[in-house]
Each structure stands twice: as C-alpha cells, then as structure tokens.
Amino acid sequence: MRIISLAENTSCRKDLGAEHGLSLYIETLNHKLLFDMGQTGLFAENARKLDVDLAAVNIAILSHGHYDHGGGLETFLKINKKAPVYLSRHAFEAHYNGTEKYIGLDVKLQAHPRLIFTEDVTPICKGLTLYSCNEKNRNYDLGSFGLNRKEDGQFLPDDFRHEQYLLIEEEGKRVLISGCSHKGILNIVQWFQPQVLVGGFHFSKLPLDDTLKTYAQYLEESGTVFYTCHCTGTRQFDFMKQSMSRLSYFSCGETLIL
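Everything in this summary refers to the structure shown in the same document.

Attention now moves to helix α5 (residues 210-222). Its 13 residues give α5 an end-to-end C-alpha distance of 19 Å, which sits within 8% of 18 Å, the value for a rise of 1.5 Å per residue. When we look at burial in α5, the residues that qualify are L212, Y215, A216, L219 and E220. Looking down the long axis of α5, one finds its buried residues gathered within 140° of arc, a one-sided arrangement. Away from its buried face by more than 90 degrees, α5 exposes D210 and E221. Contacts made by the buried residues of α5 are with α4 (185-192), β16 (225-228) and α6 (234-241). Two or three places before T211, at the opening of α5, D209 has a side-chain oxygen 3.1 Å from that residue's backbone nitrogen. Of the residues trailing α5, G223 is marked for its positive phi of about 85°.

Two elements in contact, α4 and α5, have axes separated by 10 Å at closest approach and are oriented at 15°. Relative to α5, the element α4 is oriented roughly parallel. Helix-helix and strand crossings are classified by hand; for α4 and α5 the assignment is left-handed. Along the contact surface, α4 presents I185, L186, V189 and Q190, while α5 presents Y215, Y218, L219 and S222. Within the contact of α4 with α5, the residues separate by chemical class into six nonpolar, two polar and no charged.

Pairing between side chains of opposite charge can happen when the charged atoms of each approach one another. Within this structure, the stated rule accounts for 13 salt bridges. One salt bridge connects R161 with E93, and the closest N-O pair in it is separated by 3.1 Å. Of the two residues, R161 is situated in the loop between β12 (154-157) and β13 (165-170) and E93 in the loop between β5 (85-88) and β6 (94-97); the sequence distance between them amounts to 68 residues. Accessibility expressed as a relative area gives 21% for E93, which makes it partly exposed. Linked through salt bridges whose partners overlap, the residues forming this network are E93, R149, E151, D159 and R161.

A regular strand places its side chains on the two faces of the sheet in alternate fashion. In the sheet, strand β2 (residues 23-27) pairs with strand β3 (residues 32-35) via four bridges, with the strands oriented antiparallel. Following the sheet pairing, E27 is matched in β3 by K32. Following β2, the chain reverses through four residues before pairing antiparallel with β3. Traced from β3 through helix α1 (residues 42-49) to strand β4 (residues 59-61), the parallel crossover comes out right-handed.

Glancing now at the nonpolar core. Core analysis: the largest hydrophobic core is formed by 28 residues, its most contacted members being L6, L34, M37, F43, L54 and F76. Among the elements of the structure, β1 (2-7), α1, α3 (73-79) and β5 are those that each provide at least two residues to this core. Ignoring anything within four residues of it in the chain, the contact list for F43 reads L6, A7, S23, L34, M37, L54, G72, T75 and F76. Among the nonpolar cores identified, the runner-up in size contains 25 residues, and L206, A216, L219 and Y249 belong to it.

Parameters at a glance
- Residues numbered from 1 in each chain as written.
- Predicted model: local features only at pLDDT ≥ 70, side-chain atom pairs only at ≥ 80, totals over all residues.
- Heavy atoms only, no water.
- Helix = DSSP H or I, 4+ residues; strand = E, 2+ residues; numbered from the N terminus.
- Expected span 1.5 Å × (residues − 1).
- Buried < 20%, exposed > 50% of the residue type's maximum accessible area, 1.4 Å probe, protein only.
- Arc of directions from axis to C-beta.
- Contact = heavy atoms within 4.5 Å.
- Polar contact = N/O pair within 3.5 Å; in protein donor to acceptor, adjacent residues only side chain to side chain.
- Axes fitted to C-alpha atoms, helices over the stretch in contact; angles between N-to-C directions.
- Parallel < 35°, antiparallel > 145°, perpendicular 65-115°, else oblique.
- Left-handed = near helix turned anticlockwise from the far one by under 90°.
- Nonpolar A, V, L, I, M, F, W, Y, C, P; charged D, E, K, R; others polar.
- Salt bridge = Lys/Arg side-chain N within 4 Å of Asp/Glu carboxyl O.
- Pairing = 2+ DSSP bridges.
- Right-handed = clockwise from strand over helix to strand, strands pointing away.
- Core = buried A, V, L, I, M, F, W, Y, C linked by side-chain atoms within 4.5 Å.

In structure tokens:
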C-alpha cells in the first residue's frame, strides 16, 4: 500500500504548495483512491509535480463536509471522468465556524451524478469499507470547538454526523484513514483498533498541558502506529511526540509505504 500526501498544512518540498486542508492519494493492491481534495485545486497542481495521475483514480472519498477537505471536489470531477465519489448523506448540510463563516461544501455540486451518498456502514468493495460510527458511544467528548451546523434557521453545535472513516484491510493489515477525527481520535482508536491510522487529530486548539499529555499516553498505549497531519497542529505534534514512540508527521509531498 502506498499513500502520498497531495495537500496538507505543511510541505516537505519548496515546489509543492501547502494550505490548510488535506488530500491523500492511496494505492492499494487493486485500487487507486483519492481521499479528500483539499481546500482548493492545489492538490491537483501538487499531484502533477508528484507524478500522480488523478484521471486514473477509480474511487474517491470525501471524509466530511468541510471546505478544507471538499473545496477541490469540482476540480477533481473535471479532471477525472469516471470515479464515483463517496460522501455522507449529511455532507451538504450547512456547516459554519461560529455563526458567520460558512465552511461547508459548494451546494451546486450536490446533484452531480457521480456522488454516492453513504450510510453508517458502506462497503465499497472487498477490503474497503466506510464507517460513520454515528451510532457508537463517544467515551471522550471534546465538544465542537465552535463549529456549528445550521438547521431550520438555528445554529447548533456540530455533532459531525457528516464525518466518515475509511478502513482498508489488505494483506493482514488494518489501516484507518481519517480526515479530521472530529468525533474524537481517542474514540476512533477505541472503535477500530487499527494497526495504522493516518489523519488529523483535531488537537490544534488544545493547550500543551497535562490533559494533552494524557491523550498522547492513551494513544501510545493503543499500540497503533500514527501518521498525523493537518488539524493536529505542529506544536501539539511536537508536544505529543515526547510521549509517543509511534507518532510521525505526514507532510505534503511525503510518501508512506505500508
């Protein structure tokens, strides 16, 4: 399995742009996948420089309905003429940071014929399954960090029902791909117990204190190997790294071989 970071908050090469967002290209034994499309079309520019052919992707997945993961959706649909795009049936709901800043998807794309709207568990094919975990108990709840959804004219704390996770099971490996882990990285590790987890932890707003250290120690004790990025926060990563032996940062331009 090969995973290439096409867009992320940081970049390992001067010729590759960085932005607040995430896009990952994934090659399994049988498929070429795109997981998220970043905030803009930058992921496509970086893909060309990294010799990744987005037109050859045969499955695309949107982790949740925020602009920094789905802002490049229209760009992908123009470049790639065949791949279905799997996203939650809640993805096009109105999402806001606070009450002023809209951070949702471009609603004009909602009727595109290649979009496949998922439920709680959606098998894509052998070894590829999407889970929303909306029915799972959340033992660790950090709140919505000021992120809201607008429903019937009212702003409500986002419950992140639009977020889903990709479990790849191949050659005895269990690899989980998560965009932002809004439902709680501690919960997600507890639910899936993956061997490897790639994705953001949504810790960038947390102080560097004993609570964060406790979270890091919990993740370390899980035995999972973590490649984190984006919304984890670089300061938070450096802090957690002191307590985690299996934690690495995954910048734009880097490749994982699993």
